[in-house]
Amino acid sequence: MIFMCRLNPKVDFVFKKLFGSEENKDILISFINSVLSEDEQIVDIELKNPYNLANYRQGKMSILDIKAVDEKGVWYDIEMQIAEQSFYDKRALYYWAKVYSDQIESGYEYNLLKKTIGINILDFEYLDEEEYHNVYKIYNVKSKKSFSNLFELHFIELPKFKKDFSEIRTTLDRWAAFLTKAYEFDKDTVPKELAQSEEIKKAAERLDIMSLNKEEREIYENDLKAMMVRNAEINAAEEKGREEGIKEGIKEGIKEGIIKTAKNLLDMGIDEHMVSKATGLSVEDIRELCNKRKQ
């Protein structure tokens, strides 16, 4: 019987260890290079907030993004976001700005600021774009010339990645397939299209090892439960909001109907007190309607 790793690499704990551990820096470098253009490839990286099991166990790993800087001084902020958020664009800009501004202690040492790249992996659709990978930079809307190369935001929307293994062409395709389908294979059954990457093969092996580690498996399951609870709370809140919205809409519709009836009665010359009795509106409301009609 083949043991399936069955760990979701998108869950906070797993993603943080898989891509944010010192022993897995080659995995992170491979992923970053899959996102960057050919002339921006990196060879080394320094983790600024590396994963540590002891800290995670003590609840000190609440920050979910991975911060790192490469050999050229370029900074990276990488986040995996599963739960859908209505204002993720603002969050992405905030995280980018935080990493960018934290590079210097004094507000006057602007010359020390280095290029900062935000990489946002979303397990939901957010952008009004067809492609699953989109890049945003700063440029002049008229001349199309770049204003600065210090700002760069990547969005990888996993639900938009719909390629079969046979359609995979790039390393980013391979990582997107791994993140969305890792539960389908273990280290011995990695599809040949993904096995072209040694780092993806290593990532599959790491998932297998984590799934067999009792303590890490327990942390993973707790994270998974917490995520499910959060999603359930969000869904319940949205459902309540829809129900209240419907109720509010009905109330608003009824109110508009009553006001229209009151106006029709007033047009017929019916006394304001009679209109009040017929519609349930106060005499003051009826008089206000009359004043608005005269304006």
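Data block above holds the structure.
Because the structure is a prediction, the values reported are computed rather than measured. (Residues numbered from 1 in each chain as written. Predicted model: local features only at pLDDT ≥ 70, side-chain atom pairs only at ≥ 80, totals over all residues. Heavy atoms only, no water.)

S.K.: Report on the packing of helix H2 (residues 25-35) against helix H7 (residues 198-212), specifying residues and quantitative values.
M.R.: Angle between the axes and distance between the axes: these two values describe a pair of packed helices. Two elements in contact, H2 and H7, have axes separated by 9 Å at closest approach and are oriented at 130 degrees. With respect to H7, the element H2 is oriented oblique. Helix-helix and strand crossings are classified by hand; for H2 and H7 the assignment is left-handed. The residues of H7 that touch H2, namely those facing Asp 26, Ile 27 and Ser 30, are Glu 199, Lys 202, Ala 203 and Arg 206. Tallied by class, residues from the contact of H2 with H7 come to two nonpolar, one polar and four charged. (Axes fitted to C-alpha atoms, helices over the stretch in contact; angles between N-to-C directions. Helix = DSSP H or I, 4+ residues; strand = E, 2+ residues; numbered from the N terminus. Parallel < 35°, antiparallel > 145°, perpendicular 65-115°, else oblique. Left-handed = near helix turned anticlockwise from the far one by under 90°. Contact = heavy atoms within 4.5 Å. Nonpolar A, V, L, I, M, F, W, Y, C, P; charged D, E, K, R; others polar.)

S.K.: Talk me through the side chain of Arg 174; I want residue IDs and the actual numbers.
M.R.: Looking at the secondary structure, you find Arg 174 in helix H5 (residues 171-181). Within the buried core, Arg 174 has no salt-bridge partner, and the shortest N-O distance to an opposite charge, that of Asp 173, equals 7.6 Å. A polar side-chain atom of Arg 174 sits 2.8 Å from a polar atom in the side chain of Gln 196. Contacts of Arg 174, omitting those with residues within four sequence positions, involve Ile 168, Arg 169, Glu 193, Leu 194, Gln 196, Ser 197 and Ile 200. (Buried < 20%, exposed > 50% of the residue type's maximum accessible area, 1.4 Å probe, protein only. Lys, Arg positive; Asp, Glu negative; His and termini not counted. Salt bridge = Lys/Arg side-chain N within 4 Å of Asp/Glu carboxyl O. Polar contact = N/O pair within 3.5 Å; in protein donor to acceptor, adjacent residues only side chain to side chain.)

S.K.: Let's hear about the sheet that holds strand E5 (residues 133-139): which residues, and what values?
M.R.: What the six strands build is an open sheet, ordered E1-E2-E3-E4-E6-E5; its pairing is mixed. If you trace the sheet from one side to the other, it starts and ends with strand E1 (45-47) and E5, each paired once. When the angles between neighbouring strand axes are averaged without regard to direction, this sheet yields 20 degrees. Pairing analysis gives six bridges linking E5 to strand E6 (residues 146-157), with the strands arranged antiparallel. (Pairing = 2+ DSSP bridges.)

S.K.: Break down the packing of H2 against H5 for me, with residues and values.
M.R.: Interhelical geometry of H2 versus H5 gives an angle of 120 degrees and a closest axis separation of 8 Å. As the angle between them shows, H2 and H5 are arranged oblique. Crossing angle aside, the handedness with which H2 passes H5 is left-handed. Across the interface between the two elements, Ile 27, Ser 30, Phe 31, Ser 34 and Val 35 from H2 touch Thr 171, Leu 172 and Trp 175 from H5. Looking at the contact of H2 with H5 residue by residue, the class counts come to five nonpolar, three polar and no charged.

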